[in-house]
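# Observations on the model geometry
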Amino acid sequence: FCYTGNNLPINYFFFLNYSLTHIKESFGVAFKSRPGGIRHVVIILIFLFGFNTFANVGISSINVTYARKKFTWPGGTDEFNKIWAQLHSIGTVFNLFALGVLIPIMTQVLKMKDLSITIFCVVSSLAGLGTLLLAKSYKLLYLANFLRMFADVTTIGIRSTLSKIVGEKDVGKVCIKI
């Protein structure tokens, strides 16, 4: 147990916010019979959302160690830290540009559907990861960041599609829980 300042275990606070009722409601919404027999679509979308989140958390925690060991950093750790911070900042700018400018163009001007955008985002992520894996120089990490600019937007399309399928009163039971 980890204890808080008032001698209550942290898992006590965990159970205050998460109960078996929430889990039961989430499974109820996921496995609920739906018109047109699309229950499997809801389950697949929930699985994809979780799988994508799991993959991105893994990528985020591995990238630093991978880049540090794969490439030669003439200035040592100091140069690596400087360049990695710069790469991370540029990647954030690319993500914000994708989210704030390109996604609205894709939806409003090009009239792309949610799942088409999601597929585009997954391809963007894979292209960036492929570039990272095949790069011979750390300078190609800038290109990898550019190619991955849509990677963090993938879950938006999944959540949007889920909210349209499950209905208004069940959206929070699925989207907040995943």
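Presented here is a report on the structure given in the accompanying data block.

How each quantity is defined
- Residues numbered from 1 in each chain as written.
- Predicted model: local features only at pLDDT ≥ 70, side-chain atom pairs only at ≥ 80, totals over all residues.
- Heavy atoms only, no water.
- Axes fitted to C-alpha atoms, helices over the stretch in contact; angles between N-to-C directions.
- Helix = DSSP H or I, 4+ residues; strand = E, 2+ residues; numbered from the N terminus.
- Parallel < 35°, antiparallel > 145°, perpendicular 65-115°, else oblique.
- Left-handed = near helix turned anticlockwise from the far one by under 90°.
- Contact = heavy atoms within 4.5 Å.
- Nonpolar A, V, L, I, M, F, W, Y, C, P; charged D, E, K, R; others polar.
- Core = buried A, V, L, I, M, F, W, Y, C linked by side-chain atoms within 4.5 Å.
- Buried < 20%, exposed > 50% of the residue type's maximum accessible area, 1.4 Å probe, protein only.
- Salt bridge = Lys/Arg side-chain N within 4 Å of Asp/Glu carboxyl O.
- Expected span 1.5 Å × (residues − 1).
- Arc of directions from axis to C-beta.

### Regarding the packing of helix H3 (residues 39-70) against helix H4 (residues 76-109)
Viewed as axis vectors pointing N to C, H3 and H4 meet at an angle of 135°, and their least axial separation amounts to 11 Å. The orientation of H3 relative to H4 falls into the category oblique. Crossing geometry of H3 relative to H4 is assigned as right-handed. Packed against H3, whose contacting residues are Asn63, Val64, Ala67 and Arg68, the element H4 presents Phe80, Asn81 and Trp84 at the interface. Classifying every residue of the contact of H3 with H4 by side-chain character gives 4 nonpolar, 2 polar and 1 charged.

### Notes on the side chain of Ser125
Mapping Ser125 onto the fold places it in helix H5 (residues 114-134). Once residues within four sequence positions are removed from consideration, Ser125 is found in contact with Leu147, Arg148 and Ala151.

### A look at the nonpolar core
The biggest cluster of nonpolar side chains holds 11 residues, and these are Ala67, Phe71, Trp73, Phe80, Ile83, Leu87, Leu132, Ala135, Tyr138, Leu141 and Ala144. Listing elements by their share of this core, those giving two or more residues are H4 and helix H6 (140-147). Sorting elements by how many residues they give to this core places H4 first, with 3 residues.

### Focus: the pattern of salt bridges
According to the stated counting rule, one finds 1 salt bridge in the structure shown. The partner of Lys164 in a salt bridge is Asp114, with the nearest N and O atoms 2.6 Å apart. Taken together, the positions of Lys164 in helix H7 (residues 154-166) and Asp114 in helix H5 put the pair 50 residues apart, joining distant regions of the chain.

### Some thoughts on the packing of H5 against H7
Running from amino to carboxyl end, H5 crosses H7 at an angle of 155°, the nearest separation of the two axes being 8 Å. Overall, the two elements H5 and H7 adopt an arrangement that is roughly antiparallel. Both H5 and H7 take part in a crossing whose hand is left-handed. Note on element contacts: H7 touches H5 through Thr154, Gly157, Ile158, Ser160, Thr161 and Lys164, opposite Asp114, Leu115, Thr118, Cys121 and Val122.

### Brief notes about the side chain of Ser124
Tracing the chain through its elements places Ser124 in helix H5. Apart from residues lying up to four places away in sequence, Ser124 is in contact with Leu147, Arg148, Met149, Phe150 and Ala151.

### Observations regarding H5
Across its 21 residues, H5 extends 30 Å between first and last C-alpha, which sits within 8% of the 30 Å expected from 1.5 Å per residue. Restricting attention to buried positions, one finds in H5 the residues Asp114, Ile117, Thr118, Cys121, Ser124, Ser125, Gly128, Thr131 and Leu132. For H5, the angular spread of the buried residues around the axis is 150°, confining them to a single face. Within H5, the exposed residues directed more than 90 degrees away from the buried face are Ile119, Val123, Leu126, Leu133 and Leu134. Looking at the buried side of H5, the elements it contacts are H3, H4, H6 and H7.

Read these as spatial facts, not as claims about activity.
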